[in-house]
Amino acid sequence: LQALSKAINKEIAPAVQHESDLVRINAMIVLGSMVDDGSMVHIDAGLKDKSDAVKRIAMQALGNRMRYWKGQATGQVKIDNAIKQVLTIVGQAEPPHPAVVGSALQALVLVNTPQSLDALIEILNKRVAWHAENPNAPYDAERAAIENYMGLLVGDRRAGERSNKGMVRAMARYSKLIIGQMQAGRVPGEQVKGGKSMLFQCLQGMANVCATANVKPPKDDDQARNWIN
């Protein structure tokens, strides 16, 4: 795989720099299966591309690379640097397109290290404030991330007590925000269905974490029960 990646890397630069968005997207798809260190410069270029679609696939490629690094002797340093890169991209004053954010959150879940899950929860909590200021924004990225995180509990219910507590806190904050926005009539009609779906995912997620990971319910658990009712 290393040899194949190095061979492809010698030829892929024109595709990464191509004027066609579709060609650059395809280049990022190929990079997602490559493993040589020299090709990282092309993933970095994709993360800065003018096209949100290219950025989305480049972020997926970065996630794949982080998972590959988990099996390498010096992989943790590379993973930590990549996590910082993700935090910088998603934490911009003007966040990237939700599709790019979604790929970033998914990458952090799938690499599944304490550092990546800390970053995931940091982003989720910061985006509560962003959603409070942007009630018309979709919750697709956050909802998918929470759903993927729930999948980790199925594999190992003992993993990440600190992460579980942080995730419960984030889900409780999103639930409170969405309920408040809907009661105040601040959510536009086209976003109501998505908001309700996010609310259900958070409430179900809180129940699942508390039931399977030995995490105490949040202090406002009675309020959450009323929301479910």
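Residues numbered from 1 in each chain as written. Predicted model: local features only at pLDDT ≥ 70, side-chain atom pairs only at ≥ 80, totals over all residues. Heavy atoms only, no water.

**Quick look at the packing of helix H5 (residues 52-69) against helix H6 (residues 75-90)**
Phase 1 of the analysis: Running from amino to carboxyl end, H5 crosses H6 at an angle of 155°, the nearest separation of the two axes being 9 Å. Relative to H6, the element H5 is oriented roughly antiparallel. In this structure, H5 crosses over H6, and the sense of that crossing is left-handed. On H6, the residues touching Met59, Leu62, Met66 and Trp69 of H5 are Gly75, Lys78, Ile79, Ala82, Ile83, Gln85, Val86 and Ile89.
Phase 2 of the analysis: In terms of residue class, the contact of H5 with H6 is built from nine nonpolar, two polar and one charged. (Axes fitted to C-alpha atoms, helices over the stretch in contact; angles between N-to-C directions. Helix = DSSP H or I, 4+ residues; strand = E, 2+ residues; numbered from the N terminus. Parallel < 35°, antiparallel > 145°, perpendicular 65-115°, else oblique. Left-handed = near helix turned anticlockwise from the far one by under 90°. Contact = heavy atoms within 4.5 Å. Nonpolar A, V, L, I, M, F, W, Y, C, P; charged D, E, K, R; others polar.)

**Overview of the environment of Gln17**
Phase 1 of the analysis: When you line up the elements, Gln17 lands in the loop between helix H2 (13-16) and helix H3 (21-31).
Phase 2 of the analysis: Spatially, the C-alpha atom of Gln17 lies 9.0 Å from that of His42, the residues being 25 residues apart in sequence.

**Section: the confidence of the model for the chain**
Phase 1 of the analysis: In this model, the chain carries an average pLDDT of 90, and 89% of its residues clear a pLDDT of 70 or more.
Phase 2 of the analysis: Looking over the chain, one finds the lowest element-wise mean pLDDT in helix H12 (residues 221-228), namely 64, and the highest in H3, namely 98. (pLDDT = per-residue confidence, 0-100.)

**So, unusual backbone geometry**
What you tend to see is this: most non-glycine residues have negative phi, and most peptide bonds are trans.
Phase 1 of the analysis: Unusually for a residue other than glycine, Asn112 sits at a positive phi of about 50°.
Phase 2 of the analysis: Relative to the elements of secondary structure, Asn112 occurs in the loop between helix H7 (98-111) and helix H8 (114-133).
Phase 3 of the analysis: A relative accessible area of 35% means that Asn112 is categorised as partly exposed. (Buried < 20%, exposed > 50% of the residue type's maximum accessible area, 1.4 Å probe, protein only.)

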